[in-house]
Amino acid sequence: MSAEHGADGGRIWGWDLLRGLCALSVMAYHLLVWQDLAALHTFGTYGVYLFFVLSGASLAYTYGERITSWRTAGAFLMLRWFRLTPLFAVVAVISVALFSAHPAA
């Protein structure tokens, strides 16, 4: 196990750190734009691009050797779907409720 991997051997902490910084840059972009403090469009845009590139590389690095057939790929996608969909559904319901209660002027 090399020094850049965590105890589980499957994470590259530098990538996780960069992904976190990208997420923070996108959050800061939205905060600055919504508060009319600054308009740093590339700050948020490139943060999103880099976040997705790092996420894809991380998934390929972590699961690349485990996905060896269509069956294992399907099982992986099904697990991802069941993991992500409940959170998406909850956020969607809360968003619809909030926007319905407070329509834009």
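Right above here is the structure, for reference.
Now for a description of the structure that goes with this document. Predicted model, so just to flag it, every value in this text is computed and none were measured.

## So, the pattern of salt bridges
At step 1: Enumeration over the complete set of coordinates arrives at one salt bridge.
At step 2: Note that Arg19 and Asp16 form a salt bridge whose closest N and O atoms lie 4.0 Å from each other. In this pair, Arg19 and Asp16 are both assigned in helix α1 (residues 13-34), three residues apart and thus about one turn of the helix distant.
At step 3: Residue classification places Arg19 among the partly exposed positions, given a relative accessible area of 22%.

## Description of a nonpolar patch on the surface
At step 1: Among the surface-exposed residues, Leu17, Leu18, Leu21, Leu24, Met27, Leu50 and Val53 lie close enough to one another that they form a single nonpolar patch of about 670 Å² accessible area.
At step 2: Elements with a contribution of two residues or more to the nonpolar patch: α1 and α2 (41-63).
At step 3: Per element, the largest residue contribution to the nonpolar patch is five residues, and it comes from α1.
At step 4: Tracing the chain through its elements places Val53 in helix α2.

## Details of the packing of α1 against α2
At step 1: One can describe the packing of α1 onto α2 by two numbers: an axis separation of 8 Å at closest approach and a directional angle of 150 degrees. Relative to α2, the element α1 is oriented roughly antiparallel. Relative to α2, α1 is oriented so that their crossing is left-handed. Side by side, α1 and α2 meet where Trp15, Leu18, Arg19, Cys22, Ser25, Val26, Ala28 and Tyr29 of the first sit next to His41, Phe43, Gly44, Gly47, Val48, Leu50, Phe51, Leu54, Ser55, Ala57, Ser58 and Tyr61 of the second.
At step 2: When grouped by side-chain class, the residues that make up the contact of α1 with α2 number 13 nonpolar, six polar and one charged.

Reading the values: rules and limits
Residues numbered from 1 in each chain as written. Predicted model: local features only at pLDDT ≥ 70, side-chain atom pairs only at ≥ 80, totals over all residues. Heavy atoms only, no water. Salt bridge = Lys/Arg side-chain N within 4 Å of Asp/Glu carboxyl O. Helix = DSSP H or I, 4+ residues; strand = E, 2+ residues; numbered from the N terminus. Buried < 20%, exposed > 50% of the residue type's maximum accessible area, 1.4 Å probe, protein only. Patch = residues over 30% accessible without salt bridge, like charges linked within 9 Å, V, L, I, M, F, W, Y side chains within 5 Å. Areas by Shrake-Rupley, 256 points an atom, 1.4 Å probe, with all protein chains shown as cover. Axes fitted to C-alpha atoms, helices over the stretch in contact; angles between N-to-C directions. Parallel < 35°, antiparallel > 145°, perpendicular 65-115°, else oblique. Left-handed = near helix turned anticlockwise from the far one by under 90°. Contact = heavy atoms within 4.5 Å. Nonpolar A, V, L, I, M, F, W, Y, C, P; charged D, E, K, R; others polar.

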